[in-house]
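The primary structure of each chain is shown beneath.
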Amino acid sequence: MEIPDRTQVGIVGAGPAGLLLSHLLARQGIASVVLEARSRAYVEQRIRAGVLEDGTRQILERVGVAERLRREGLRHGGIAIALNGALHRVDFPALTGGHTITVYGQQEVVKDLIAARLASGGTVAFEAEAVSLQEVDSPRPAIVYRAGGEVRRLACDFVAGCDGFHGICREAVPAGALTVFARDYPLAWLGILARTRPAHQELIYSPSPEGFALFSMRSPTLARNYLQVAPDDRLENWPDERIWRELQRRVGRAATVEPGPILERGITQMRSFVVEPMQYGRLFLAGDAAHIVPATGAKGLNLAVADVVVLARALGRYYRDGSADLLATYSETCLRHVWQGEHFAWWMTVLMHTVDDPFATRLRQAQLHQVTSHPTLSRYLAEHYVGMHTSGLYVEWVP
Ligand code: APR
Ligand code: PHB
């Protein structure tokens, strides 16, 4: 693919954030180039999150990239919490005035967005790794990148750092200009994708005394399940037979887990991380480049979508009428939904996981009782889970 030497918005990273931003800009007539370090096959196969908030689904529908999502996405009207051998349902439409969630793998969203960009002549350059940013505090920033053994320079009006937690864009901000807020939890998840019937028709969150387990899915024949493990645990300690036995033990009589061939497995740390501000000069950070949530609340992908909708709107205004007002408040606007998501993810993480602390355990049990029996806390869970405080805010504006 021919990569031009200059563009309006240079985007680093072809995850959901970078790809959706490029698509939203194109719909407003704004040119962009997406630079992605990995291959197309790699980003299309990489297994990540899988829950779309109602607002995220609606945004993808409104901008014309949801044809397959409509067909293959699994619409859920709630989740189940397994407690003492029984399933307690949290009914989303009843508690939120009609909202639902959609289970659809993040890599499927990525495939759909890549196809849409390429079909309309967009530039998404794979195996093009950004190595540094230049002059982001000037009107002429640039991205230096390596592709096909050559080091090249992409001049732009603006740089969007959508390069995930391990990317390089965040480093372009002088240390004194950024504040980091972070928390590492003494928890990790062992996740598996298995060819078998999911444990239940909706997700089951199972906070058992032996540790948390989550039962999700990708299709009626693909289960996606997780086990709480220690942060230093290793896959070698978990032969298939132990994984299946532990999943069944942690959900108890509330569901029957059917073992099947395990197609993919990995261990993920639980971490919260936010940088403030999310902008510096003409550099704007979006998605995991600016913030990480522990996976328990299923917020990561949705926060990334909310960020780029805010950014696309701000850039649209700038190119349409020369006003930088929405760009100036980008970080402030995003941090409102980011901290709502951070709080929910932290709360779900504390609520669901077993820790070696008797006082914390009793508090957790008291709160689980409330969530499963009292409308105030179940409504809090439902509203945040469907995204009434994050991407749902931005559905009204999509180009
Ligand atoms: N140059 C080019 N691309 C890079 C570079 C670099 N130097 N560094 C990282 N990348 C690419 C990665 O290979 C990846 O494809 O940036 C992309 C970032 O994508 P994601 O990590 O998916 O981040 P984001 O688009 O913000 O999406 C957030 O990802 O981790 C999940 O839970 C998270 O679901 C959420 C979503
Ligand atoms: C998933 O299906 O991968 C999933 C679902 C819910 C979560 C986290 C991950 O909270």
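Participant: How should the pairing of strand 12 (residues 179-195) be read in this particular structure?
Facilitator: In regular strands, side chains alternate between the two faces of the sheet. Sheet topology note: the strand 12/strand 16 (residues 262-276) ladder contains 13 bridges and is antiparallel. By the bridge assignment for strand 16, arginine 183 is matched with serine 272.

Participant: Mind showing me how you'd approach unusual backbone geometry here?
Facilitator: Note: most residues except glycine have negative phi, and most peptide bonds are trans. In this structure, the amide linkage connecting glutamate 276 to the following residue, proline 277, adopts the cis form with an omega of -10°. In this structure, proline 277 sits in the loop between strand 16 and strand 17 (279-280). Unlike most non-glycine residues, asparagine 84 shows phi in positive territory, near 50°. Summarising the element assignment, asparagine 84 is placed in the loop between strand 5 (78-83) and strand 6 (86-91). Even without a glycine there, the phi angle at glutamate 127 is positive, about 50°. Turning to its location among the elements, glutamate 127 is positioned in the loop between strand 8 (123-125) and strand 9 (128-134). For glutamate 127, a relative accessible area of 53% puts it in the exposed group.

Participant: What is the right way to look at the environment of valine 398 in this model?
Facilitator: Structurally, valine 398 can be placed in the segment after helix 12 (375-386). What makes valine 398 buried here is its relative accessible area of 15%. For the pair valine 398 and valine 309, spaced 89 residues apart in the sequence, the C-alpha separation amounts to 7.2 Å. Non-local contacts of valine 398, meaning those with residues more than four positions away in its chain, are made with Ile59, Arg62, Val63 and Val309.

Participant: I'm lost on the site of ligand 1 in this one. Help?
Facilitator: Among the 26 residues in the neighbourhood of ligand 1, the closest are listed as Glu36, Arg46, Arg48, Gln106 and Asp288. The contact in question runs from an oxygen atom of ligand 1 to an N or O atom on the side chain of arginine 48, over 2.6 Å. At 2.9 Å from a nitrogen atom of ligand 1 is found a main-chain nitrogen or oxygen belonging to alanine 130. Protein chains bury 88% of the 710 Å² of accessible surface belonging to ligand 1 in isolation. Listed by contribution, the elements that provide at least two residues to the shell around ligand 1 are helix 1 (16-26), strand 9 and helix 8 (300-321).

Participant: Can you walk me through the site of ligand 2 in this structure?
Facilitator: In the vicinity of ligand 2, 14 residues are found, and the nearest of them are Tyr205, Ser216, Arg218, Tyr226 and Thr296. In the model, an oxygen atom of ligand 2 is placed 2.8 Å from a nitrogen or oxygen of the arginine 218 side chain. Separating an oxygen atom of ligand 2 from a backbone N or O atom of threonine 296 is a distance of 3.0 Å. For ligand 2, whose accessible area on its own is 280 Å², the fraction buried by protein is 98%. Going through the elements one at a time, strand 14 (211-219) and strand 15 (222-229) are the ones with two or more residues in the shell around ligand 2. No other element matches the three residues that strand 14 contributes to the shell around ligand 2.

Participant: Help me understand the pattern of salt bridges, please; the structure alone is not making it clear to me.
Facilitator: On inspection of all chains with the given rule, the structure shows 27 salt bridges. A network of salt bridges, in which partner residues are shared, links Glu67, Arg68, Arg71, Glu72, Glu108, Lys111 and Asp112.

Participant: What exactly am I supposed to notice about the packing of helix 10 (residues 330-352) against helix 12 here?
Facilitator: Two elements in contact, helix 10 and helix 12, have axes whose closest approach is 11 Å; the angle formed by their N-to-C orientations is 125°. Here helix 10 is positioned oblique relative to helix 12, judged by the angle of their axes. Read as a crossing pair, helix 10 and helix 12 show a hand that is left-handed. On the side of helix 10, the interface is formed by Gln340, His343, Phe344, Trp347 and Met348, while helix 12 contributes Leu377, Tyr380, Leu381, His384 and Tyr385.

Participant: Help me out: how do you make sense of the packing of aromatic side chains in this one?
Facilitator: Aromatic ring pairs are described here by two measures, namely the spacing of the ring centres and the angle between the planes. As enumerated under the stated definition, the model contains 16 aromatic pairs in all. Measuring from ring centre to ring centre gives 5.7 Å for phenylalanine 181 and tryptophan 339, while their planes differ by 90°; the resulting arrangement is edge-to-face. Linking phenylalanine 181 in strand 12 with tryptophan 339 in helix 10, this pair joins segments that are 158 residues apart in sequence. Judged by relative accessible area, which is 35%, phenylalanine 181 ranks as partly exposed. For tryptophan 339, a relative accessible area of 34% gives the class partly exposed. Each ring, one from tyrosine 318 and one from tyrosine 319, has its centre 5.2 Å from the other, and the planes form 90°; the classification is edge-to-face. Residue tyrosine 319 is classed as partly exposed on the basis of its relative accessible area of 24%.

Reading guide: rules and limits
Residues numbered from 1 in each chain as written. Chains lettered and ligands numbered in written order. Predicted model: local features only at pLDDT ≥ 70, side-chain atom pairs only at ≥ 80, totals over all residues. Heavy atoms only, no water. Pairing = 2+ DSSP bridges. Helix = DSSP H or I, 4+ residues; strand = E, 2+ residues; numbered from the N terminus. Buried < 20%, exposed > 50% of the residue type's maximum accessible area, 1.4 Å probe, protein only. Contact = heavy atoms within 4.5 Å. Near = heavy atom within 4 Å. Polar contact = N/O pair within 3.5 Å; in protein donor to acceptor, adjacent residues only side chain to side chain. Areas by Shrake-Rupley, 256 points an atom, 1.4 Å probe, with all protein chains shown as cover. Salt bridge = Lys/Arg side-chain N within 4 Å of Asp/Glu carboxyl O. Axes fitted to C-alpha atoms, helices over the stretch in contact; angles between N-to-C directions. Parallel < 35°, antiparallel > 145°, perpendicular 65-115°, else oblique. Left-handed = near helix turned anticlockwise from the far one by under 90°. Phe/Tyr/Trp six-rings, centres within 6.5 Å; stacked < 30°, edge-to-face > 60°.

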